[in-house]
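Letter by letter, the chains look like this.
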Amino acid sequence: MTRQLAVAALSLALLQPGSAVAAPAASPANLDGYSPTHSATERDWEAKFRAIPDPKIMRDNMQRLSARPHNVGSPYDQDNAEWMLGKFKEFGFDTHIETFYVLFPTPKQRVVELLEPTKFTAKLQEPPVAVDPTSSQTAEQLPTYNAYSIDGDVTAPLVYVNYGVRDDYEQLDRMGVSVKGAIVIARYGGAWRGIKPKVAAEHGAVGCIIYSDPRDDGYFEGQYFPEGPFRPPDGVQRGSVMDTEYPGDPLTPGVGATKDAKRLEIKDAKTITTIPVLPISYGDAQPLLAALGGQVVPEGWRGALPITYHVGPGPAKVHLVVKSNWDIKPIYDVIAKIPGSDTPDEWVIRGNHHDAWVNGAEDPISGMSPVLEEARALGELMKQGWKPKRTIIYCAWDGEEPGLLGSTEWVEEHGAELNQHAVIYINSDSNSRGFLFASGSHTLERMINSVARDVPDPETKLNVQRRAQLRRVGRAQKPDEREEARSADIRIGALGDGSDYAPFLDHAGVAALNIGFGGESNGGIYHSIYDDFYWYTHFGDTEFVYERALAQLGGTAVMRMADADVLPFDPSTSADTIKRYVGELKNELKERQEKAKERNRELEEGVFTATADPQKNYVPPPKEQVPPYLNFAPLENGVAAYERAAKRYKTAFSKLAESNPTVWDSPELKTINQQLILTERTFMTTEGLKERPWFKHQIYAPGAYTGYGVKTIPAVREMIEEDKWADADAGSMTAGGVLMKEAALVDSIAAELEKVVGQAPPATQSARKHKKGEEVTASGR
Ligand SMILES: [Zn+2]
């Protein structure tokens, strides 16, 4: 589902497949969390590992896995799962396929017709392209549709709503245009697609059409396929429009969709849309948009079609029909393990999805193929005698495209074990040429920066961390941003939604990362029949060297976490980032207060009516309630306590590096690792978010109205955005309480570590109480 697109490759002197790639300027310092001896051995093994991934093999993997359409429920989806099962076994992994049974609608009737003022019937077909062999596998291709649209047959006037997000409807209100009883047409972009029918329905629309404007990924951007990488006139973006209340199988929220699981009836599933929705191409959209009358759209709403964009409503009248087969289909998760030699009960999990909308060479195979290659390389290391300390689990998820089905069902089914054992989940999805991107739990920021310094960039021969950092310096808008970008580590972003990390992080409280490369190879084949091997080998990472970089990055991160003596989580970067979030929230409230005051003042002055063109339709905004002051004290106290504890931990951790090497043998380090694993769990509450209880994490959640986009400290931020002031105050209490608990946990880990390194705890801490269930062992040394 991740949207990372690609472009024509530069011709560069590329490293030869299989050649030993020396880590550029690896720091001689000890790896975080490794004893001096282990650090040296680990560096050795990691360097051996990075020399193994082979572009040729990853190209072959891609060709095999994308040879036929492999959506959920297709024969080739199962075939791929079984092929990968065999591969993982061949690499020496203990492997099985775990099957779940999920609701997966496929279309049986789709109609978009213009009835008035002229007649036009949309094709709703992507034509094969002669040079592209797999584009002609029409019998196996899923028709263009949006999965989890409710069935419907509606005829109504059409209204153009830009991206169809909430701000757009506010603009429509100013123009005096209502979508009540209308079918809306929205362009892709601006938010996750599932938000568009949701917001349209909230405003009274009866149907929703989503199209790909050529301005966003078509001819406006560059030459279109097959001459170039961009979206051709009949290309359509398929995709899920499942509601944001919870991901996974709509019929089994919170539990694994096993054969005998208790299921909701379809009519009771909360994540199916309430109005019918269908995606179309710009070829099909143009006659509909051209038939709209009414006001000309605001400038920011204009796309790149050769027409004047009007809002409507009408005179265009549209007939929209969507009917699906509502079948339960099996999905196949491939789960492959290497048991840990020392601490098998601690799991380092790595995954990518394998299902696609059609052939999906880019999404998801450009991620899946390197993940398989990582597994092969780890298998080679095992043959040479390497054994990971912790258990490593590689996962190839099915059903990601319809709604993170495979990962969510697995996480729900194994919730109790994950709670006990999961150390980290590292995800990738699509991959292409360009710059490192990494998002995730901020306790992992230091670790992933360190790993990225050991991975060479194929185009510049810098390491990928340095290249990403220099890009940030170059793109920074303000001097302080530039200085910040120059500081040693690149800051990682928070995770929202959009791929399989979401259930791990948001529902199970497992520290997570999402990694990949991109930014140099854009295109417009996302979720179409043209995302295939032909496209990727002409316009993607054609030499498969960023495929190798991803395998090197992902595998090194897995090894670094699996072999560490002390898990390299760093609470101080997390505390620092959360402090910024609290600052953002305070600013957000202040801005809203000022904006509301100013608007009310201008209403009183008559600014809106005085400046509106009387010949145009204009409705002034309503008077606004000025947001009250909120109580940020619980959050601020929580952050301050967390910062103090994190600092204490960091000090003790740095002592560990300087201590007598024998401290690394302390059995207490095992307890400390167990506690470190809990630092991410502690950000959760059992009740979850008030309006979306499936989401348990109190620091990160995807936005209810952005989808992919993250909302940090969601219980406060979203409630501020929705003018729910009492809920925002309650959210501040909850999140503040979570931060206090986090602070207490980190503080107790710091105290343990202080004992190990032989540093007396500060007097004020000596009488400190430990949390129930927390083992306190005397250091005795
Ligand atoms: Zn994907």
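Residues numbered from 1 in each chain as written. Predicted model: local features only at pLDDT ≥ 70, side-chain atom pairs only at ≥ 80, totals over all residues. Heavy atoms only, no water.

Draft legend 1. Region of interest: the environment of Lys108. Relative to the elements of secondary structure, Lys108 occurs in strand 1 (residues 94–116). For the pair Lys108 and Pro143, spaced 35 residues apart in sequence, the C-alpha separation works out to 9.0 Å. Not counting residues up to four positions away in its chain, the partners in contact with Lys108 are Lys323, Ser324 and Asn325. (Helix = DSSP H or I, 4+ residues; strand = E, 2+ residues; numbered from the N terminus. Contact = heavy atoms within 4.5 Å.)

Draft legend 2. Quick peek at the side chain of Ser366. The topology assignment puts Ser366 in helix 8 (residues 361–383). Side-chain polar atoms of Ser366 contact the backbone oxygen of Glu362, separated by 2.5 Å. Here the side chain of Ser366 touches Asn431 through a polar contact of 2.8 Å, landing on its backbone nitrogen. (Polar contact = N/O pair within 3.5 Å; in protein donor to acceptor, adjacent residues only side chain to side chain.)

Draft legend 3. Seen up close, the pairing of strand 8 (residues 277–280). Residues of strand 8 alternate between two faces, with Val277 and Pro279 on one and Leu278 and Ile280 on the opposite face, all of them buried. Note: strand 6 (residues 207–211) against strand 8, 4 bridges, orientation parallel. Across the sheet, the residue bridging to Ile209 is Leu278, located in strand 8. (Buried < 20%, exposed > 50% of the residue type's maximum accessible area, 1.4 Å probe, protein only. Pairing = 2+ DSSP bridges.)

Draft legend 4. Inspection of empty space enclosed by the protein at higher detail. One pass over the full model with this rule turns up 6 cavities of 30 Å³ or more. Lining of the largest cavity is provided by 16 residues; of these, Trp192, Met242, Asp243, Pro247 and Asp497 occupy positions nearest its centre. Class assignment of the residues belonging to the lining of the largest cavity gives a composition of 9 nonpolar, 5 polar and 2 charged. (1 Å grid on protein atoms, 1.4 Å probe; cavity = no way out; pocket = protein on both sides within 12 Å on 5 of 7 lines; lining within 4 Å. Points joined across faces, edges and corners; volume = space filled by probe spheres on them. Nonpolar A, V, L, I, M, F, W, Y, C, P; charged D, E, K, R; others polar.)

Draft legend 5. Looking closely at the pattern of salt bridges. Inspection of every chain in the model, using the stated rule, returns 52 salt bridges. When the shortest N-O distance is used, the salt bridge between Asp243 and Lys198 registers 3.6 Å. In this pair, Asp243 is assigned in the loop between strand 7 (239–240) and strand 8 and Lys198 in helix 5 (residues 195–202), connecting sequence segments 45 residues apart. Of the charged contacts, one joins Lys586 and Glu636 as a salt bridge, the two residues approaching to 2.5 Å between their closest N and O atoms. One end of the pair, Lys586, is in helix 18 (residues 571–605); the other, Glu636, is in helix 20 (residues 633–658), with 50 residues separating them in the sequence. (Salt bridge = Lys/Arg side-chain N within 4 Å of Asp/Glu carboxyl O.)

Draft legend 6. Broad picture of the nonpolar core. Within the largest apolar cluster, 211 residues are counted, with the highest numbers of intra-cluster contacts made by Phe88, Val112, Ile185, Ile209, Tyr211 and Tyr394. If we ignore the near neighbours within four places in the chain, the residues touching Tyr211 are Tyr160, Ile185, Ala186, Arg187, Tyr188, Ile280, Ser281, Tyr282, Ala285, Leu289, Leu305 and Tyr309. Ranked by size, the runner-up nonpolar core spans 6 residues in total, among them Leu689, Phe695, Ala701 and Ala715. (Core = buried A, V, L, I, M, F, W, Y, C linked by side-chain atoms within 4.5 Å.)

Draft legend 7. Broad picture of the environment of Leu678. Its location among the elements puts Leu678 in helix 21 (residues 668–681). Residue Leu678 is classed as partly exposed on the basis of its relative accessible area of 31%. C-alpha of Leu678 to C-alpha of Gly222: the two residues are 456 residues apart in sequence and 48 Å apart in space.

Draft legend 8. Expanded view of the packing of aromatic side chains. Per the counting criterion, the structure on display carries 23 aromatic pairs. An angle of 55° between the planes, with centres 5.4 Å apart, marks the rings of Trp397 and Trp410 as tilted. Here the residue Trp397 occupies a position in strand 11 (residues 390–397), and Trp410 occupies one in helix 10 (residues 405–413), the gap between them amounting to 13 residues. For the pair formed by Trp397 and Trp410, the shared burial category is buried. (Phe/Tyr/Trp six-rings, centres within 6.5 Å; stacked < 30°, edge-to-face > 60°.)

Draft legend 9. Geometry of a nonpolar patch on the surface. A cluster of nonpolar residues, Tyr219, Phe220 and Tyr224, forms a patch on the protein surface that exposes about 280 Å² of accessible area. Among the secondary structure elements, Tyr219 is positioned in the loop between helix 6 (214–217) and strand 7. (Patch = residues over 30% accessible without salt bridge, like charges linked within 9 Å, V, L, I, M, F, W, Y side chains within 5 Å. Areas by Shrake-Rupley, 256 points an atom, 1.4 Å probe, with all protein chains shown as cover.)

Draft legend 10. Structural context of helix 21. Helix length check: helix 21 (14 residues) gives 21 Å between terminal C-alpha atoms against 20 Å at 1.5 Å per residue, within 8%. Counting buried residues along helix 21, 11 of its 14 residues qualify, which places the element largely inside the surrounding structure. For helix 21, every residue scored as buried is listed here: Glu668, Leu669, Thr671, Ile672, Asn673, Gln675, Leu676, Ile677, Thr679, Glu680 and Arg681. (Expected span 1.5 Å × (residues − 1).)

Draft legend 11. Up close: unusual backbone geometry. In this structure, Pro117 follows Glu116 across a cis peptide bond, with omega equal to -5°. Inspection of the secondary structure assignment puts Pro117 in the loop between strand 1 and strand 2 (120–121). Note that the residue after Phe225, namely Pro226, is joined by a cis bond; omega there is 10°. Non-glycine residue Leu404 carries a positive phi angle of around 55°. For Leu404, the location among the structural elements is in the loop between helix 9 (400–403) and helix 10. Unlike most non-glycine residues, Ile713 shows phi in positive territory, near 45°.

Draft legend 12. Structural context of the pairing of strand 14 (residues 512–519). In terms of residue burial, strand 14 counts as a mostly covered element, since 7 of its 8 residues are buried. As defined by bridge partners, strand 13 (residues 434–440) adjoins strand 14 across 7 bridges and the pair is classed as antiparallel. Across the sheet, residue Phe435 finds its bridge partner in strand 14, namely Gly518.

Draft legend 13. Broad picture of helix 4 (residues 166–174). Of the residues making up helix 4, those classed as buried are Asp168, Tyr169, Leu172 and Arg174. Considering only its buried residues, helix 4 is in contact with strand 4 (152–160), strand 5 (183–187) and helix 5.

Draft legend 14. The confidence of the model for the protein, seen in detail. In the predicted model, the protein carries a mean pLDDT of 93, and 93% of its residues have values of at least 70. For the stretch residues 3–27, pLDDT sits under 50, and the model shows 72 contacts to residues farther than four places along the chain or on other chains. Below pLDDT 50 for its whole length, residues 760–781 participates in 31 contacts with residues either more than four positions away or in separate chains. (pLDDT = per-residue confidence, 0-100.)

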